[in-house]
Amino acid sequence: MMEIMEGSHAVAHAVTRCRPQVIAAYPITPQTHIVEALAEIVANCELDADYITVESEFSALSACLGASAAGSRVYSATTSQGLALMFEVCYNVAGMRFPIVMSIVNRAMGAPLSIWNDHQDSISLRDSGWMQFYAEDNQEATDLHYIAYKVSEDHRVLLPSLVCFDGYIISHTYEPVDMLTQEQADSYLPPFKPYHRLDADDPISFGLFASPDYYLEFRYENDQAMRRAQDIMASCGREFGEMFGRDYSGLVEAYRLDDADTAIVAMGSLCGTVKDAIDELRDAGKKVGLLKIRSFRPFPTAEIRSALSGVSRVAVLDKNISLGSKGAACLEVRDALYGSQIPVLGYVIALGGRDVRKKDIAAIVEKAEKGIGDIFYGLREELLK
Amino acid sequence: MSYQDWFRQDRLPHIYCSGCGNGTVINCTLMAVDEIGWKENETVFVSGIGCSSRASGYIVTDSLHTTHGRALPFATGVKLSNPDLNVVVFTGDGDLAAIGGNHFIHACRRNIDLTVICMNNQIYGMTGGQGSPTTPAGALSTTTPYGSSEPAFDLSELAVAAGANYVARWTSYHVKELTRAIGAGMRTPGLSFIETMTQCPTNYGRRNKLRQVTDQVEFMKNHTALRQKLDRMRESGQKVPADVIAIGEFVRRDRPAMGVRR
């Protein structure tokens, strides 16, 4: 049923339909509306779960880890500094292979303090072993939670997921959302079946020492699971499409890319603006297309190589920067196209909530056509004098 | 010089909601500083994250606006690297008692020569009114829609138990007493902890039958009593109502302290 919903509330209701049994979260802007809604839903007994008002994000994810180890489906949400505080636990969750799903309402990292959107927070968790899915709009942000649980809990994967969507741009914006009914959600996402859990009758220990004789193999197994997750993500996304009409089988999604000279690569809500800009550029005779990356981890290298094989140049828009190097997506796309002659140009944009308009996209396309790239786009030169 | 000269005029007006008690606490702090005669270039204000912690940015001295809950470790570094500095920490209940609780007890244990001023509004004000570790049992917040089921921390008693040399609790109603307590704390070597109960009409009062700003200030006036008086009442077998908050000086002592000016 279509409803006009704030992004955060849509996510909270989707999470409710995923039936998590333990929710632990600490308030941080702009994540608060999600956890406030869930606190109320649990208090109203509309969801049979425990909601823990923990004293920090570190405790939030630690409580989630414990609950997952005990065999529960769990949920948390955070952003920015909160995710940074969880860093240590994040590696433990992935290393112990607990299929936790957490929403990241993307926000810039301090200092300077910023509550506005970019992707630096979740990108900083790139190597932790969490899957990372990026949503373009409220509908996708909502749907990706069902899919994330299904992929994470698949016994061939058993890795945690971050469902990432842009702070304010999605979290605080009202859009029509087609919300699954509880019956639909239940038919797609079966109850959680832990692969291993704390069980007094069959004791096991998690997180013990791995000597140098064993550690390498643990990381290798993590890596193999992440690679397997590509196919599982595709099949779970396809199944979602077959059941509810919205197909998420692609880890990337192309828009007017077939005959494009210039391909823009982007993630998250930015893709909506890029699509509008592309329509205008196409009207003006420029062959521009978009390749949206939905899954940053696992990274669909082969899909990207094949999708971009016919273009003359690629402009990658990154809402993050590895200081002294480039944006994360730019590096990965360049790696995917290694050996081809297609130039891949990186543009670091929109850090700390700087607005991106259609004319900015047009300007970036113009720069790409001239071969000008690997830059911060939109710098206020007067501030740098 | 007056306390008003300590404000960064170009950063005003401040971001606090109408009726917020934080401004009163900042004024009391700066009056105490002014009275003691600290110099701007010898004083540093350190804060964490939250409404309380915006205070450091409004003051003309050097300041560190740090991460959530970590003002005390940052301040420890400042003070131990240069004990000649006067270091004041602004913090809130969420900052100090929740995410930074561990740092609080260890700063008190080490008894570092800091003045820690906690604006306890019993709620996470800046993020929109979620329950904090000082939200009273039964109080409404956005994460405890039918009332908090957890007991609240008594921060002053915690500071006494953990070893701070000076501990006092007042409220934003008790302006004169608060100013005197902050001054006494600043003069005491070792960690001084001054807790100020502070009204938050936007996120606490309006959810808890204290709709007007004055309702909450009146509440603090009528539901507080000197700690010593409450002790006497208990000793004589009188019943102390559960919602009465102990105020006054909790401890003034001379445990060995760290970072005291040589």
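These numbers come from a predicted model, not from an experiment.

Observations concerning the confidence of the model for chain B
Right, so step 1: Considering every residue of chain B, the mean pLDDT works out to 96; 100% of them sit at 70 or more.
Right, so step 2: The ipTM for the predicted assembly is 0.91, set against a pTM of 0.95.

Examining the packing of aromatic side chains
All names here are of chain A.
Right, so step 1: In this structure the tally under the stated criterion is twelve aromatic pairs over all chains.
Right, so step 2: Ring centres of Tyr188 and Phe244 lie 6.2 Å apart, and the angle between their planes is 65 degrees; this geometry places the pair in the edge-to-face category. On the criterion of sequence distance, the pair formed by Tyr188 in helix H7 (residues 182-188) and Phe244 in helix H8 (residues 215-244) is long-range, its members being 56 residues apart.
Right, so step 3: A residue is classified by how much of its surface remains accessible, and Tyr188, at 0% relative accessible area, is buried.
Right, so step 4: Residue Phe244 is classed as buried on the basis of its relative accessible area, which comes to 14%.
Right, so step 5: Here the aromatic cluster, defined as three or more aromatic residues joined through ring pairs, consists of Tyr146, Tyr188, Phe240, Phe244 and Tyr248.
Right, so step 6: We note Arg73 situated over the ring of Tyr149; from NZ or CZ to the ring centre the distance is 5.4 Å.

Focus: the interface of chain B and chain A
Right, so step 1: Listed by partner, the interface residues are 17 residues for chain B and 18 residues for chain A.
Right, so step 2: On the chain B side of the interface with chain A, the three residues burying the most area are B:Ile99, B:Thr127 and B:Thr143, jointly 31% of the side's total.
Right, so step 3: Summed over the shared surface of chain B and chain A, the result is zero salt bridges.
Right, so step 4: For the side of chain B that touches chain A, the element with the highest residue contribution is helix H3 (residues 93-99) of chain B, accounting for three residues.

Some details on empty space enclosed by the protein
Right, so step 1: Under the counting rule described, the total for this entry stands at three cavities of 30 Å³ or more.
Right, so step 2: There is about 40 Å³ of room inside the largest cavity.
Right, so step 3: As for the largest cavity, its lining consists of A:Ala25, A:Tyr26, A:Pro27, A:Tyr51, A:Thr53, A:Val54, B:Tyr124, B:Gln130, B:Gly131 and B:Thr143.
Right, so step 4: Of the residues belonging to the lining of the largest cavity, the class tally is six nonpolar, four polar and no charged.

Some details on the sheet that holds strand S12 (residues 295-297) of chain A
Residue and element names in this part refer to chain A.
Right, so step 1: Read from one edge to the other, the open sheet built from seven strands follows the order S3-S2-S4-S5-S7-S6-S12, with strand pairing classed as mixed. Of all strands in the sheet, those with a lone pairing partner are strand S3 (50-53) and S12, marking the two edges. Sheet twist, expressed as the average angle between the axes of neighbouring strands with direction ignored, equals 20 degrees.
Right, so step 2: The sheet contact formed by strand S2 (residues 22-25) and strand S4 (residues 74-78) spans two bridges and is parallel. Its bridge partner lying in S4, Val22 is registered against Val74.
Right, so step 3: Its contacts with the sheet place helix H2 (residues 32-43) against S2, S3, S4, strand S5 (101-106) and strand S7 (161-166), and it is angled at close to 130 degrees to S3.

Quick word on the environment of A:Thr78
Residue and element names in this part refer to chain A.
Right, so step 1: Tracing the backbone through its elements, the reader meets Thr78 in strand S4.
Right, so step 2: Take Thr78: its relative accessible area is 0%, and that puts it in the buried class.
Right, so step 3: Each C-alpha atom of the pair Thr78 and Pro27 lies 7.7 Å from the other, and the pair is 51 residues apart in sequence.
Right, so step 4: Setting aside chain neighbours within four positions, we find Thr78 in contact with Ile28, Gln31, Glu57, Leu83, Met86, Met102, Ser103, Ile104 and Val105.

Structural notes on the packing of helix H6 (residues 138-153) of chain A against H8(A)
All names here are of chain A.
Right, so step 1: The geometry of H6 relative to H8 is characterised by a closest axis approach of 9 Å and an angle of 135 degrees between their N-to-C directions. As summarised for this structure, H6 and H8 are arranged oblique, according to the angle between their axes. Here H6 runs over H8; the crossing is right-handed. Across the interface between the two elements, Asp143, Leu144, Tyr146, Ile147, Lys150 and Val151 of H6 pack against Ala229, Ile232, Met233, Cys236, Gly237, Glu239 and Phe240 of H8.
Right, so step 2: Among the residues making up the contact of H6 with H8, the classes are represented as nine nonpolar, one polar and three charged.

As for the sheet that holds strand S15 (residues 375-376) of chain A
Residue and element names in this part refer to chain A.
Right, so step 1: Taking strand neighbours across the sheet as the criterion, the six strands line up as S9-S11-S10-S13-S14-S15 in an open arrangement whose pairing is mixed. Taken across any chain shown, the strands that pair with only one partner, and hence form the sheet edges, are strand S9 (252-255) and S15.
Right, so step 2: Both strand S10 (residues 262-266) and strand S13 (residues 313-318) contribute to a ladder of four bridges, which runs parallel. Within S13, the position partnered with Thr262 by the bridge is Arg313.
Right, so step 3: Lying over the sheet, helix H9 (residues 270-283) contacts S9, S10, strand S11 (288-293) and S13, oriented at roughly 165 degrees with respect to S11.

Quick look at the domain arrangement of chain A
Residues and elements named next belong to chain A.
Right, so step 1: Taken domain by domain, chain A comprises domain 1 (2-244) and domain 2 (252-384).
Right, so step 2: Taken together, the contact pairs 25 residues of domain 1 with 25 residues of domain 2.
Right, so step 3: Summed over both partners, the interface of domain 1 with domain 2 comes to about 2000 Å²; 55% of that surface belongs to carbon and sulfur atoms.
Right, so step 4: The largest contributions to the domain 1 side of the interface with domain 2 come from Arg126, Tyr134 and Glu136, which together make up 30% of the buried area.
Right, so step 5: With a closest N to O distance of 2.5 Å, Glu140 and Arg294 form a salt bridge.
Right, so step 6: Taken together, the links from domain 1 to domain 2 amount to 15 residue pairs in polar contact (both at pLDDT 80 or more).
Right, so step 7: When contributions to the side of domain 1 that touches domain 2 are tallied by element, the ones reaching two or more residues are helix H5 (120-123), strand S6 (131-134), H6 and H8.

Regarding the pairing of S13(A)
Residues and elements named next belong to chain A.
Right, so step 1: Of all six residues that make up S13, six are buried, and the element is covered over most of its length.
Right, so step 2: The alternating pattern of S13 places Arg313, Ala315 and Leu317 on one face and Val314, Val316 and Asp318 on the opposite face, and all of these are buried.
Right, so step 3: Pairing of S13 with strand S14 (residues 344-348), which is carried by five bridges, proceeds in the parallel orientation. Residue pairing across strands places Asp318 opposite Val348, the latter belonging to S14.
Right, so step 4: You can see the chain leave S13, run along helix H11 (residues 328-336) and come back into S14, and the turn it takes is right-handed.

Calculation notes
- Note that residues are indexed from 1 along each chain, following the sequence as it is written.
- Here chains are named by letter from A upward and ligands by number from 1 upward, in the order in which they appear as written.
- In view of the model being predicted, local features appear only for residues whose pLDDT reaches at least 70, and side-chain atom pairs are presented and counted only at 80 or more, with totals across whole chains, interfaces and linings using the full set of residues.
- Side-chain metrics in this entry use all non-hydrogen atoms of the structure; hydrogen atoms and water are not considered.
- Per-residue confidence from the predictor is given as pLDDT, running between 0 and 100.
- In this scheme Phe, Tyr and Trp rings, the latter by its six-membered ring, pair at centre separations within 6.5 Å, and the angle between planes marks the pair as stacked below 30 degrees, edge-to-face above 60, and tilted otherwise.
- What counts as a helix is a DSSP run of H or I of at least four residues, what counts as a strand is a run of E of at least two, and both are numbered from the N terminus.
- For every residue, the accessible area (1.4 Å probe, protein chains only) is compared with the maximum for its type, and the residue is labelled buried under 20%, exposed over 50%, or partly exposed between those bounds.
- Geometrically, a charge over a ring is one whose NZ (Lys) or CZ (Arg) sits within 6 Å of the ring centre while staying within 35 degrees of the ring normal.
- Two residues qualify as a contact provided that any one of their heavy atoms is within 4.5 Å of a heavy atom in the partner residue.
- Once two parts are put together, the accessible area they lose, assessed with a 1.4 Å probe and summed over both, is termed the buried area.
- For this document, the term salt bridge refers to a Lys or Arg side-chain nitrogen within 4 Å of an Asp or Glu carboxyl oxygen.
- Put plainly, a pocket is an open set of points on a 1 Å grid over the protein atoms alone with protein on both sides within 12 Å along at least five of seven lines, a cavity is a set where a 1.4 Å probe fits but cannot get out, and a lining residue has an atom within 4 Å of a point.
- Grid points are joined across faces, edges and corners, and a volume is the space filled by probe spheres set on the points.
- All amino acids are sorted into three groups, where Ala, Val, Leu, Ile, Met, Phe, Trp, Tyr, Cys and Pro are nonpolar, Asp, Glu, Lys and Arg are charged, and the leftover types, Gly among them, are polar.
- The pairing criterion for strands is at least two bridges between them, as found by DSSP.
- Interaxial angle, 0 to 180 degrees, is taken between N-to-C directions of lines fitted to C-alpha atoms, where a helix line uses only the stretch in contact.
- Angles below 35 degrees are treated as roughly parallel, those above 145 as roughly antiparallel, those between 65 and 115 as roughly perpendicular, and all remaining angles as oblique.
- Should the near helix be turned anticlockwise from the far one by less than a right angle, the crossing is termed left-handed; should it be turned clockwise, right-handed.
- Bear in mind that the domain bounds are from an automatic or database domain assignment.
- Two N or O atoms form a polar contact when they lie within 3.5 Å of each other; inside protein one atom must be a possible hydrogen donor and the other a possible acceptor, and for residues adjacent in sequence the pair counts only when both atoms belong to side chains.
- Classification remark: right-handed applies to a crossover when, strands pointing away from the viewer, the course from the first strand over the helix to the second runs clockwise.

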